[in-house]
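If you want the building blocks of each chain, they are given just below.
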Amino acid sequence: MTGRILIVDDVATNRIVMKVKLAAARYDVVPAATGEDALEIARAGGIDIIIMDMMMPGLTGAETCAQLRADPATATIPVILVTASDDTEARMEGLSAGADDFLTKPVDEIALLARVRSLLRTREEERDYEARGGALLEMTDDVDAVPGFAESARQASFEARGKPAPMEGRIALIAGADAGWLPVQRDRLRPLFRDEVAVISRDAALALDMSSVPDLFLIDADLGARNAGLRLMSELRSRHATRHAAFIVLLPAGDSERAATALDLGASDVSYHPFPVDEIAMRIRTQLARKKRADRMRDTLETGLRLAVIDPLTGLHNRRYGLHHLDRVAVRCRAQGIRAGVILMDIDHFKRVNDTHGHPAGDCVLARVAQVLADNLRTEDLVARIGGEEFLAVLPDADLDQVRTVAERLRTQVAALRIPTPCGQTLSVTLSLGIAMLEDREDAAPHALNVVDRALYAAKDAGRNRVALAEEA
């Protein structure tokens, strides 16, 4: 089975019909007769999508959806509401409660399965991020991260005054030159958004970079030619700058077959002409909030990955990354027949700094020394903090004379430092450095570390504040 779907309908026949359609596509279907049952099943976990009738005794579909969104355990489960008629008021009620989409009875099987596939892809992406960075996501969780719904106290404040809060997010409208609706709908949407709502051309969309990309594109499926908008969306989805934007595709009324195509091509949502501004604004709100959560998950995961390889005090790479990088350079040297140098450095008498001036002063020394080391190496070089006061530099494409010159420069620059401490004093420190070259051997990296470690101790034994070659060890 590729997804577990909860079907909620008080009419048994409707549940059976829906189950047959979904089971034929190899989905696992769980039935429920009431909104109360749906809440209990959803909170137990394991549900990927909920498809729910709008009108039910007890809790209606919209009321059930609102309760799902209010519970962190169920807030991100996609919800599709089903209505017996194309009732604009009912659609707005459901969308306001946080529903992802509406389907009208009799449910079009093509539209249903396409929407299910689209929502499952989104759900799976979220789970993937959560699996890789769940702990970090929990630490940075906040109320605005829940997709598609209220913007907490600020939203409630506006609603209390009888008007919706302006939504955050840059919107780009793209349609053919003959689209008479475009300027009218743009002007109607602008008051609903805090950020820009702009009309742009196809060429302008393709020329966007990371600094100017909108959060959401509203694209007409036919930009002067049939399916030109769908092709444009596919192109934007493939580009680095625009691939994470949300996309809503506008189609002629009743065009469910192309709606399915749009969703399968990567559209976040679809809507139909003529579209009420209030409804499209609500759909935009849902997609912007979902994008905000996805962006946050990506950023959190990237931050976590950086934290895993960065020393927080100095901003240099840490031991794990430094040794891994040394292994990679050693492999490249053997494969390409190039040379690389290794420098191991230790701050002389660092324990004396901590004992005399305190650990905050020691932290200042470490941070300033690290900055000097980074500033005096090439972009292709790497320096890592691999111990308390010990640093490792890897210099690819360098011979022994170049490595020795760099090591002497680092020693001189650190010795010239005058480091202010939190207690108002000024400290100076020196470095002892050992240098070695990566050799053409299977264990090049660990061998180089062993040799350069002996060289470092040779520098210390010779009086510190000096560079020792591996051959001298």
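Residues numbered from 1 in each chain as written. Predicted model: local features only at pLDDT ≥ 70, side-chain atom pairs only at ≥ 80, totals over all residues. Heavy atoms only, no water.

**What about the sheet that holds strand β17 (residues 467-469)?**
Then comes step 1: In spatial order, the strands read β12-β13-β11-β16-β17; together these five strands make up an open sheet with mixed pairing. At either end of the open sheet lies a strand with only one pairing partner, and these are β12 (382-385) and β17. Taken over all neighbouring pairs, the strand axes of this sheet differ in orientation by 20° on average, direction set aside.
Then comes step 2: When strand β11 (residues 340-347) meets strand β16 (residues 431-437), the two strands line up antiparallel, connected through seven bridges. Note on β16: the bridge partner recorded for I347 is L431. (Pairing = 2+ DSSP bridges. Helix = DSSP H or I, 4+ residues; strand = E, 2+ residues; numbered from the N terminus. Axes fitted to C-alpha atoms, helices over the stretch in contact; angles between N-to-C directions.)

**Observations regarding the environment of E89**
Then comes step 1: By the element assignment, E89 lies in helix α4 (residues 88-96).
Then comes step 2: Sequence separation of E89 and D215 is 126 residues, and the distance between their C-alpha atoms is 27 Å.

**Topic: the environment of R290**
Then comes step 1: Mapped onto the secondary structure, R290 falls in helix α11 (residues 277-309).
Then comes step 2: Sequence separation of R290 and D195 is 95 residues, and the distance between their C-alpha atoms is 17 Å.
Then comes step 3: At 2.4 Å, the side chain of R290 forms a polar contact with the side chain of D100. (Polar contact = N/O pair within 3.5 Å; in protein donor to acceptor, adjacent residues only side chain to side chain.)

**Remarks on the side chain of D255**
Then comes step 1: On the secondary structure map, D255 appears in the loop between β9 (246-251) and α10 (256-265).
Then comes step 2: Taking relative accessible area as the criterion, D255 reaches 17% and is therefore assigned buried. (Buried < 20%, exposed > 50% of the residue type's maximum accessible area, 1.4 Å probe, protein only.)

**Some details on the pattern of salt bridges**
Then comes step 1: Scanning all chains against the criterion turns up 32 salt bridges.
Then comes step 2: A salt bridge links R239 to E235; its shortest N-O distance comes to 2.9 Å.
Then comes step 3: Under the relative-accessibility criterion, R239 is labelled partly exposed at 31%.
Then comes step 4: Of the charged contacts, one joins K351 and D355 as a salt bridge, the two residues approaching to 2.7 Å between their closest N and O atoms. Of this pair, K351 and D355 are both found in helix α13 (residues 350-357), four residues apart, which corresponds to roughly one turn of the helix.
Then comes step 5: Accessibility expressed as a relative area gives 59% for K351, which makes it exposed.
Then comes step 6: Assessed through its relative accessible area of 54%, D355 is described here as exposed.
Then comes step 7: A single salt-bridge network, built from bridges that share partners, covers D101, R115, D269, E279 and R283. (Salt bridge = Lys/Arg side-chain N within 4 Å of Asp/Glu carboxyl O.)

**As for the side chain of T83**
Then comes step 1: Here T83 is to be found in strand β4 (residues 79-83).
Then comes step 2: Residue contacts for T83: discarding those within four places in its chain leaves M54, F102, L103, T104 and K105. (Contact = heavy atoms within 4.5 Å.)

**Notes on the sheet that holds strand β6 (residues 171-174)**
Then comes step 1: Read from one edge of the open sheet, five strands run β7-β6-β8-β9-β10, paired in parallel fashion. Looking along the sheet, the strands with just one partner apiece sit at the ends: β7 (197-199) and β10 (269-272). Sheet twist, expressed as the average angle between the axes of neighbouring strands with direction ignored, equals 20°.
Then comes step 2: Relative to the sheet, helix α7 (residues 181-189) contacts β6, β7, β8 (216-220) and β9, its axis offset from that of β7 by approximately 170°.

**Comments concerning the pairing of β11**
Then comes step 1: In terms of burial, β11 is a largely internal element, eight of the eight residues being buried.
Then comes step 2: Because side chains alternate across β11, one face comprises the buried residues A340, V342, L344 and D346, and the other comprises G341, I343, M345 and I347, equally buried.
Then comes step 3: The sheet contact formed by β11 and strand β13 (residues 390-396) spans seven bridges and is antiparallel. Of the residues in β13, the one forming a bridge with V342 is V394.

**With respect to the confidence of the model for the protein chain**
Then comes step 1: A residue-level look at the protein chain finds 90% of positions with pLDDT of 70 or above and a mean pLDDT of 86.
Then comes step 2: Considering each helix and strand of the protein chain separately, the mean pLDDT is smallest for helix α6 (residues 152-160), with a value of 38, and largest for β13, with 97. (pLDDT = per-residue confidence, 0-100.)

**Remarks on unusual backbone geometry**
Then comes step 1: Going from K105 to P106, the amide bond is cis rather than trans, its omega being -10°.
Then comes step 2: Topologically, P106 is positioned in the loop between β5 (101-104) and α5 (109-139).
Then comes step 3: Across the junction of H273 and P274, the peptide omega takes the value -15°, indicating a cis bond.
Then comes step 4: Mapped onto the elements, P274 comes out in the loop between β10 and α11.
Then comes step 5: Phi angles above zero are rare outside glycine, and R26 is one such case at about 70°.
Then comes step 6: Within the element layout of this structure, R26 appears in the loop between α1 (12-24) and β2 (28-32).
Then comes step 7: Take R26: its relative accessible area is 56%, and that puts it in the exposed class.
Then comes step 8: Positive phi, normally seen in glycine, also occurs at H349, with a value near 55°.

**Topic: the nonpolar core**
One recurring pattern in soluble globular proteins: nonpolar side chains tend to sit buried together.
Then comes step 1: Counting 34 residues, the largest nonpolar core has I343, M345, I347, V365, V369, L373 and F391 as the members making the most contacts within it.
Then comes step 2: Within the residue set of this core, elements represented by two or more residues are β11, α13, α14 (359-375), β13, α15 (400-415), β16 and β17.
Then comes step 3: No other element matches the seven residues that α14 contributes to this core.
Then comes step 4: Contacts of L373, omitting those with residues within four sequence positions, involve M345, V383, F391, L410, V414 and L431. (Core = buried A, V, L, I, M, F, W, Y, C linked by side-chain atoms within 4.5 Å.)

**Details of helix α2 (residues 35-44)**
Then comes step 1: By the burial criterion, the buried members of α2 are G35, A38, L39 and A42. All buried residues of α2 fall inside an arc of 100° around its axis, so they share one side. Facing away from the buried side of α2, by more than 90 degrees, are the exposed residues E40 and A44.
Then comes step 2: Where α2 is buried, its residues touch β1 (4-8), β2, β3 (49-53) and α3 (61-70).
Then comes step 3: Two residues or fewer after α2 comes G45, characterised by a positive phi angle close to 95°. (Arc of directions from axis to C-beta.)

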